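# Structural overview
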Amino acid sequence: MTTVLEATDLGKRYRHKWALSDCTLSIPQGHVVGLVGPNGSGKSTLLNLAAGLLAPSAGRLDVLGGTPARDATALGRVGFVAQEPPVYSAFSVRDHLRLGAHLNPRWGAELAEHRVEDLGLDPSQRAGKLSSGQRAQLALTLAIAKRPELLLLDEPVASLDPLARREFLQILMETVADQDVSIVLSSHLVSDIERVCDYLIVLADSRVQLAGDVDELVSSHHRLIGSRRDPAGYPANQEVIDASHTDRQSSLIVRSHGPVLEEAWTIEPVSLEDLVLAYMARGKHPRSGHHFDGEVTE
Amino acid sequence: MIEFYLDQKSGVTPYLQLVQQVRRAVKLGLLHDGDQLPTVKDVVGKIAINPNTVSKAYRELEHQGLVVARTGVGTFVAVAPSDGPPAMLRPLRRDLERWIARARDAGLDDEGIEALFIESFRDASSVAAP
C-alpha cells in the first residue's frame, strides 16, 4: 500500500527536551487522519516535521515518498495550514488568491474563486478585517486550491464557533470526496475526529500511543465489567489499557486479541472518546493500565 | 429522499448510524423500492462526515441486499414491497402505545419502561434465533 507519511524512530529535540520521540508510523494514502493528544504531546511538532518546517533530530521521515520539502515539486504536493490561520492581514482576499496563483504551479484558480464566492467573502476585503472563521476558511481555500496530495492542518477548528466549525468540516469533507487528497489534522475535539476521520493517531508524552483505522480500533477494544479483582485476575488474552475500580467492581478497557473466554465479565463497547482518553492516560502514567492500588476485600 | 443525521452521544459509530437510518426508513416505509439515496458528496457536504464512512455504509447496505449501486448513476433502494408492509405497522404501533400507557399506569418511569422493553425484546429474540 502507498503511504503518505512514513516515520521510523523519528524524534525532535528542542534543547534538552524531546518534543517527539521514537515515533514510528506508517500512514496509508487516502485517509483523513486525526491526530489527538494533550497540549505539548508533539502534535504540532509532528505536523511541522511533515511540512518540512522542522528538521528531525533523530530517525527518519518520508512524506509522499521522500524527504519533506526537498524541492519545489515536493513543496507543491503538500499543503499546510498552521494553527494561527496563515494569512496576511494587509492583503485583500483577492491578493491572497493572486499570490497563490503566482506561487503554485498546480493552482486551481476557478476552484479558489468558486470557494470564495460560496463562502460569501468580499474579494476586496482585507484579511485582517475578516472574522476568525473567515480567516480559517480563506487559509483552507488557499491550501485546497494548491491541489495538494497531502493536506496538513494544525488544529484548524480550535478558534471557530460551532457553526463555523461545522462549515469548515463540510468543505473539508467535500474536498476529500472531490479530490484525491489525504489529510492529517490535529484536534482536541474527539467528536469532530469521530465525524471526519477514518484513521486515528493518539500522541501522549511525546510518543505515539495508538495508531490505526478508526473502525478497527473501535471494534478491537472493549470495556469489561466484573467483580473487583487484582491484575492476576484479568483475562489472560486481553491487553489491559486502563483499569478502574470501586469497592466491588472492576472496569477494564482492553484491546482484544481474541474472544473473552470467562463468562464472569460483562462486555460492552467503548466509545472513541473513552478509547482516546484511556490511551492518553496511559501516556501520562505509563503503567497506570496495570496499576492496582488498594487491596481486594472479599 | 432520506436526510441523514449523526447522534454523537449515541456511542454508535457514524458508519453504523447511517446503515441503521436507512434500514429504519425502509422498515417504516419512508423509503421505497427505487428511491435514490443521496450521493456521497451530498451527505458529506450536509453533515460533515468522512466520505469513506458514507461509501462504507452504502457498501454494507448493498451487501445486506437493501440497496443497489448503479455505476455513475447512484445508489437506489431495492426492497420487495413485502419487506415490512407499512399497513401492518399502524396496529402494531397502537398496541405498543397501549402497552406503554399501561406500564406508566403501573408506575414505571421512562427508564423502567425502556429497560423492561429491551430485556423482553432480547429474551424473545434469543428464543427466536436458531
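Below, the structure is looked at part by part. Bear in mind the structure is a predicted one, so any value in this text is a computation, not a measurement.

Basis of the calculations
Residues numbered from 1 in each chain as written. Chains lettered and ligands numbered in written order. Predicted model: local features only at pLDDT ≥ 70, side-chain atom pairs only at ≥ 80, totals over all residues. Heavy atoms only, no water. Core = buried A, V, L, I, M, F, W, Y, C linked by side-chain atoms within 4.5 Å. Buried < 20%, exposed > 50% of the residue type's maximum accessible area, 1.4 Å probe, protein only. Helix = DSSP H or I, 4+ residues; strand = E, 2+ residues; numbered from the N terminus. Contact = heavy atoms within 4.5 Å. Polar contact = N/O pair within 3.5 Å; in protein donor to acceptor, adjacent residues only side chain to side chain. Pairing = 2+ DSSP bridges. Expected span 1.5 Å × (residues − 1). Arc of directions from axis to C-beta. Phe/Tyr/Trp six-rings, centres within 6.5 Å; stacked < 30°, edge-to-face > 60°. Lys NZ or Arg CZ within 6 Å of the ring centre and 35° of its normal.

Ranked by internal contacts, the top residues of the largest apolar core, which has 77 residues, are A:Leu151, A:Leu172, A:Ile183, A:Leu185, A:Leu200, B:Val22 and B:Leu37. Ranked by the residues each element gives to this core, the list is headed by helix α5 (residues 132-145) of chain A, at eight residues. Those residues in contact with A:Leu151, other than ones at most four positions away along the chain, are A:Gly79, A:Leu140, A:Ala143, A:Ile144, A:Leu172, A:Val181, A:Ser182, A:Ile183 and A:Val184. The next biggest cluster of nonpolar side chains, apart from the first, holds 25 residues, and it includes A:Ala7, A:Leu47, A:Leu152 and A:Val184.

As a further point, take the environment of A:Ser256. All names here are of chain A. By the secondary structure assignment, serine 256 is in strand β12 (residues 249-256). On the basis of relative accessibility, which here comes to 18%, the residue serine 256 falls in the buried class. Not counting chain neighbours up to four residues away, the residues in contact with serine 256 comprise Ser220, His222 and Gln238. A distance of 2.8 Å separates a polar atom in the side chain of serine 256 from a polar atom in the side chain of glutamine 238.

Let us now look at the pairing of strand β2 (residues 67-70) of chain B. Here four bridges tie β2(B) to strand β3 (residues 74-77) of chain B, and the two strands are oriented antiparallel to one another. Residue pairing across strands places B:Arg70 opposite B:Gly74, the latter belonging to β3(B).

Spanning 13 residues, helix α3 (residues 51-63) of chain B covers 18 Å between terminal C-alpha atoms, matching the ideal 18 Å at 1.5 Å per step. For α3(B), the complete set of buried residues consists of B:Pro51, B:Thr53, B:Val54, B:Ala57, B:Tyr58 and B:Leu61. Mapping the buried residues of α3(B) onto a view down its axis gives an arc of 165°, with all of them on the same face. Projecting away from the buried face of α3(B) at angles above 90 degrees are the exposed residues B:Arg59 and B:His63. On the buried face of α3(B), the contacting elements are α6 (162-178) of chain A together with α1 (14-27), β1 (36-37), α2 (40-47), β2 and β3 of chain B.

Residue and element names in this part refer to chain B. Under the counting rule described, the total for this entry stands at four aromatic pairs over all chains. An angle of 15° between the planes, with centres 5.9 Å apart, marks the rings of phenylalanine 117 and phenylalanine 121 as stacked. With phenylalanine 117 and phenylalanine 121 both in helix α5 (residues 110-128) and four residues apart, this pair spans about one turn of that helix. With relative accessibility at 38%, the residue phenylalanine 117 sits in the partly exposed group. One aromatic cluster is present, built from ring pairs that chain together Trp99, Phe117 and Phe121. One Lys or Arg, lysine 56, reaches over the ring of tyrosine 15 and ends 4.4 Å from the middle of that ring. Over the aromatic face of phenylalanine 76 sits the side chain of arginine 70, whose NZ or CZ is 4.1 Å from the ring centroid.

On their own, these measurements won't tell you what the molecule is for.
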